[in-house]
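# Inside the fold
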Amino acid sequence: MAKKSAKVQKTNELDGAEFFAAISLIEKEKGIPKGYMMDKISQALISAYKKDHEGIEDNVVVEGDEVKGEVRMYVKKDVVEVVDNPSTEIGLDEAREKLPLAALGDVVRIEIKTRDFGRIAAQTARQVIIQGMREAERGIIYEEFSSKEHEILTGVVIRVDPRSGSISVRISSGNETTEAYLSAGEQVPGETYREGDRLRVYIVEVRSSTKGPQVLVSRTHPGLVKRLFELEVPEIYEGTVEIKSVSREAGNRTKLAVWSNDPNVDAIGACVGPRVQRVNSVVEELKGEKIDIIRYSENPVEYIAAALAPADVLEVIVHEESHSCRVRVPDDQISLAIGKEGQNVRLAARLTGWKIDIKALSEAENKTGDAAEDEALILEDEPEATGKEVL
């Protein structure tokens, strides 16, 4: 008669080899370091033991040896003649049963078997471990997306709130994925979004909260235009061409001031690209938003005149003290210089940082004031020399 094979008796004891294999798998799949998980699990085991044993202080330790595949837990107790606190003290006779050479004043370590934990204590340990894993995952996601602040990421619309108009976008970076928030105020007027749409968003800020990292994104931020040009124009990415300033009214018009560090490279031409391909790619991403690319200048007179493109500028008089200027344009250019509802001059002012007052040639007052304080420039060159409008 065949002998029955002996059944392996199940135990609640912690298997060291399985334990280290599990935290190695967690590190591989979720990126949570083994050291972090070891600390959290140690805290969980100690919390579980304290829940079943009143009076326990900081005299419980957990030791793990990955090489031997062992995880052991000990409670430290002082050897005394009379025991006042059984949680921290042990009598001499009892101590010698465990360690024959024990003497008064020694500290002995008594191994704790995890199978002795009560059900509530075991549940507590489980909750601490799960919470630790969540905190670690949130920390990893926060660090990953914090490094992407002021960058562009491509996301997928996963939810549109019909009441507030806000949108949830799933974005990814490296191996991490999270949900970003695109508020109604950060959306381009006229753009519509549906679930499943792919769109590029600008990472404005990453906040840490109790519910995990909150990623705030934008489609209206001027930084979006700057990053799009960096992606399309190799000269900007390499540092040959610099974007000095950007002013934008999302959905309508953007002004971009560029400068070349190489006299042999035309900054405006590099941004426009062969057959206008580079700037058209940006315009397409921005759903037809008009872009004016102008040449930056250290000379405020030249810079302000260029910023008012596509209007022709006859004269710029700057007032350094008030950081303001008066601009004269031909009578037939006044509407073009100001723009619809003042948009062109408003964007030019933001781009340059100067207050701009525009006057038609027929109504402009004669130049007054100290010549040392005011400076004027009569522009004889074609507008294309300083600025270019891209429709």
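Reading the values: the criteria
- Residues numbered from 1 in each chain as written.
- Predicted model: local features only at pLDDT ≥ 70, side-chain atom pairs only at ≥ 80, totals over all residues.
- Heavy atoms only, no water.
- Helix = DSSP H or I, 4+ residues; strand = E, 2+ residues; numbered from the N terminus.
- Buried < 20%, exposed > 50% of the residue type's maximum accessible area, 1.4 Å probe, protein only.
- Contact = heavy atoms within 4.5 Å.
- Areas by Shrake-Rupley, 256 points an atom, 1.4 Å probe, with all protein chains shown as cover.
- Axes fitted to C-alpha atoms, helices over the stretch in contact; angles between N-to-C directions.
- Left-handed = near helix turned anticlockwise from the far one by under 90°.
- Nonpolar A, V, L, I, M, F, W, Y, C, P; charged D, E, K, R; others polar.
- Polar contact = N/O pair within 3.5 Å; in protein donor to acceptor, adjacent residues only side chain to side chain.
- Pairing = 2+ DSSP bridges.
- Parallel < 35°, antiparallel > 145°, perpendicular 65-115°, else oblique.
- Core = buried A, V, L, I, M, F, W, Y, C linked by side-chain atoms within 4.5 Å.
- Phe/Tyr/Trp six-rings, centres within 6.5 Å; stacked < 30°, edge-to-face > 60°.
- pLDDT = per-residue confidence, 0-100.
- Patch = residues over 30% accessible without salt bridge, like charges linked within 9 Å, V, L, I, M, F, W, Y side chains within 5 Å.
- Salt bridge = Lys/Arg side-chain N within 4 Å of Asp/Glu carboxyl O.
- Lys, Arg positive; Asp, Glu negative; His and termini not counted.
- Charge placed at Lys NZ, Arg CZ, Asp CG, Glu CD.

## Points about the overall build of the protein
Looking only at helices and strands, the protein has 11 helices and 17 strands in total. Taking all 391 residues of the protein together, 41% fall into the buried category. In the protein, of all internal contacts separated by at least 6 residues, the share reaching a separation of at least 24 is 61%. In the form shown here, the protein has an accessible surface area of approximately 22,800 Å², with 46% of it arising from carbon and sulfur atoms.

## Observations regarding the packing of helix 9 (residues 300–307) against helix 11 (residues 343–352)
Contact geometry for helix 9 and helix 11: axes closest at 9 Å, N-to-C directions at 145 degrees. Relative to helix 11, helix 9 is oriented so that their crossing is right-handed. In contact with Tyr303, Ile304 and Ala307 of helix 9, helix 11 contributes Ala348, Leu351 and Thr352. Residue composition of the contact of helix 9 with helix 11, grouped by class: five nonpolar, one polar and no charged.

## Quick notes on helix 9
Across the eight residues of helix 9, seven count as buried, placing the element largely inside the fold. Of the positions making up helix 9, those classed as buried are Pro300, Val301, Tyr303, Ile304, Ala305, Ala306 and Ala307. Where helix 9 begins, the capping side chain belongs to Asn299, and its oxygen is found 2.9 Å from the backbone nitrogen of Val301.

## Some details on the sheet that holds strand 8 (residues 198–209)
Pairing is mixed around the closed barrel formed by five strands, whose spatial order is 5-6-7-9-8. Each adjacent strand pair in this sheet contributes to an overall mean axis angle of 50 degrees, direction not counted. Bridging between strand 6 (residues 167–173) and strand 7 (residues 176–182) involves seven bridges; their strand directions are antiparallel. Within strand 7, the residue paired with Ile167 across the bridge is Leu182. On top of the sheet, helix 5 (residues 222–232) reaches strand 5 (152–160) and strand 8; it is set at about 125 degrees to strand 8, its chief contact.

## Describing the packing of helix 5 against helix 8 (residues 277–285)
Look at helix 5 against helix 8: their axes get within 9 Å of each other, and the N-to-C directions meet at 140 degrees. Considering the angle they form, helix 5 stands oblique to helix 8. Crossing angle aside, the handedness with which helix 5 passes helix 8 is right-handed. Packed against helix 5, whose contacting residues are Leu228, Phe229 and Glu232, the element helix 8 presents Arg278, Val279, Ser281, Val282 and Glu285 at the interface. In the contact of helix 5 with helix 8, the residues fall into four nonpolar, one polar and three charged.

## Observations regarding the side chain of Ser166
Here Ser166 shows up in the loop between strand 5 and strand 6. Within polar-contact distance, the side chain of Ser166 engages the side chain of Ser164 at 2.9 Å. Those residues in contact with Ser166 that sit more than four places away from it in its chain are Arg159, Val160, Asp161, Tyr181, Leu182, Ser183, Ala184 and Gln187.

## Some words on the nonpolar core
Ranked by internal contacts, the top residues of the largest apolar core, which has 27 residues, are Ile304, Leu308, Val316, Val327, Ile356 and Ile358. Among the elements of the structure, helix 9, strand 13 (315–319), strand 14 (324–329), helix 10 (334–338), helix 11 and strand 15 (355–360) are those that each provide at least two residues to this core. The element contributing the most residues to this core is helix 9, with six residues.

## Digging into the environment of Ser166
A relative accessible area of 8% places Ser166 in the buried class. Separated by 21 residues in the primary sequence, Ser166 and Gln187 have C-alpha atoms spaced 8.6 Å apart.

## Focus on the packing of aromatic side chains
Each aromatic ring pair is specified by the distance between its two centres and by the angle formed by the two planes. Applying the stated criterion to the full structure yields two aromatic pairs. Their ring planes at 85 degrees and their centres at 6.4 Å tell us that Trp259 and Tyr296 sit as a pair that is edge-to-face. Highlighted residues: Trp259 in strand 11 (residues 253–260) and Tyr296 in the loop between strand 12 (290–295) and helix 9, separated in sequence by 37 residues. When its relative accessible area of 36% is taken as the criterion, Trp259 is described as partly exposed. Their ring planes at 70 degrees and their centres at 4.8 Å tell us that Tyr296 and Tyr303 sit as a pair that is edge-to-face. As far as the burial class goes, Tyr296 and Tyr303 line up, both buried. Among the aromatic residues, those joined into a ring-pair cluster are Trp259, Tyr296 and Tyr303.

## Re the side chain of Ser297
Within the secondary structure layout, Ser297 lies in the loop between strand 12 and helix 9. Residue class for Ser297 comes out buried when judged on its relative accessible area of 13%. A polar contact of 3.1 Å, which involves the side chain of Ser297, links it to the backbone nitrogen of Asn299. At a separation of 3.0 Å, a polar atom in the side chain of Ser297 contacts the side chain of Glu302.

## Observations concerning helix 11
Of all 10 residues that make up helix 11, seven are buried, and the element is covered over most of its length. One or two residues past the end of helix 11 sits Gly353, with phi positive at roughly 80 degrees.

## So, the confidence of the model for the protein
Of the residues in the protein, 82% reach a pLDDT of 70 or more, and the chain-wide mean stands at 82. Note that pLDDT drops below 50 for residues 366–391; the model gives that stretch 58 contacts with residues more than four away or on any other chain.

## Side note on a negative patch on the surface
Taken together, Asp312, Asp331, Asp332 and Glu363 make up a surface patch of like negative charges. Along the polypeptide, Glu363 turns up in the loop between strand 15 and strand 16 (374–375). Residue classification places Glu363 among the partly exposed residues on the basis of a relative accessible area of 48%.

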